[in-house]
Amino acid sequence: MSFLIEYRPYILIAALVAMIFLPSEWRKRKLFQFAAFLLAFSAGYELIMHEPVTRMPGTINRALNEKAPDHTENPKYYKSPDANL
């Protein structure tokens with residue numbers, strides 16, 4: 001089982017390459033193109049980020065829930081919330 005986890009990006013790339021050998025009438029379909037895009041995105045994300053695609057929502061959630069910088073960290077771009085009132 002660890003073999004699948006360790007080589008998952010390469011398995012995704014192999015599936016993407018195997019899709020090329022499908023009949024040409026299948027390759028013209030929108031569903032095929034969408035699946036090819038998802039496989040390419042997943043493989044690229046895993047190769048670049050060195051983490052599974054399934055962890056991406058958690059990574060995004062942590063990044064969005066970080067505490068915002070206060071006015072002392074970056075006074076040039078800080079705008080007081082009271083100024084909006």
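For the structure, see preceding data.
The rules behind each value
- Residues numbered from 1 in each chain as written.
- Predicted model: local features only at pLDDT ≥ 70, side-chain atom pairs only at ≥ 80, totals over all residues.
- Heavy atoms only, no water.
- Patch = residues over 30% accessible without salt bridge, like charges linked within 9 Å, V, L, I, M, F, W, Y side chains within 5 Å.
- Areas by Shrake-Rupley, 256 points an atom, 1.4 Å probe, with all protein chains shown as cover.
- Salt bridge = Lys/Arg side-chain N within 4 Å of Asp/Glu carboxyl O.
- Helix = DSSP H or I, 4+ residues; strand = E, 2+ residues; numbered from the N terminus.
- Phe/Tyr/Trp six-rings, centres within 6.5 Å; stacked < 30°, edge-to-face > 60°.
- Buried < 20%, exposed > 50% of the residue type's maximum accessible area, 1.4 Å probe, protein only.
- Polar contact = N/O pair within 3.5 Å; in protein donor to acceptor, adjacent residues only side chain to side chain.
- Contact = heavy atoms within 4.5 Å.
- Core = buried A, V, L, I, M, F, W, Y, C linked by side-chain atoms within 4.5 Å.

### Considerations on a nonpolar patch on the surface
Item 1. On the surface, a nonpolar cluster with roughly 1,200 Å² of combined accessible area is contributed by Phe-3, Leu-4, Tyr-7, Tyr-10, Ile-11, Ile-13, Val-17, Ile-20, Phe-21, Leu-47, Ile-48 and Met-49.
Item 2. Elements with a contribution of two residues or more to the nonpolar patch: α1 (2-6), α2 (8-20) and α4 (30-49).
Item 3. Considering the arrangement of structural elements, one finds Leu-47 in helix α4.

### Quick word on the packing of aromatic side chains
In this description, an aromatic ring pair is defined by two values, namely the gap between the centres and the angle between the planes.
Item 1. Applying the stated criterion to the full structure yields 2 aromatic pairs.
Item 2. When the centroid spacing of 6.3 Å and the interplanar angle of 50° are considered together, the rings of Tyr-7 and Tyr-10 count as tilted.
Item 3. On the basis of relative accessible area, Tyr-7 is assigned to the partly exposed category, the value being 34%.

### Topic: the environment of Pro-9
Item 1. Within the element layout of this structure, Pro-9 appears in helix α2.
Item 2. Linking Pro-9 and His-50, residues 41 residues apart in sequence, is a C-alpha distance of 9.4 Å.

### Digging into the side chain of Glu-46
Item 1. Secondary-structure assignment places Glu-46 in helix α4.
Item 2. By relative accessible area, which is 8% here, Glu-46 ends up buried.
Item 3. Here Val-53 takes part through its backbone nitrogen, which lies 3.4 Å from a polar atom of the side chain of Glu-46.
Item 4. What Glu-46 contacts, discounting residues up to four positions off in sequence, is Arg-8, Pro-9, Leu-12, Glu-51, Pro-52 and Val-53.

### Considering unusual backbone geometry
Item 1. The phi dihedral of His-50 is positive, around 55°, even though this residue is not glycine.
Item 2. Within the fold, His-50 resides in the loop between α4 and α5 (56-64).
Item 3. According to the relative accessible area criterion, His-50 is exposed, its value standing at 71%.

### Remarks on the side chain of Ser-42
Item 1. Summarising the element assignment, Ser-42 is placed in helix α4.
Item 2. When near neighbours in sequence (up to four residues on either side) are disregarded, Ser-42 contacts Leu-12 and Val-53.

### What to know about the nonpolar core
Buried together is how nonpolar side chains tend to be arranged in soluble globular proteins.
Item 1. With 6 residues, the main nonpolar core is built from Leu-12, Met-19, Phe-32, Ala-36, Leu-39 and Ala-43.
Item 2. Broken down by secondary-structure element, the contributors of at least two residues to this core are α2 and α4.
Item 3. If one sorts the elements of this core by residue count, α4 sits on top with 4 residues.
Item 4. Setting aside residues up to four positions removed in sequence, Leu-12 forms contacts with Leu-39, Ser-42, Ala-43 and Glu-46.

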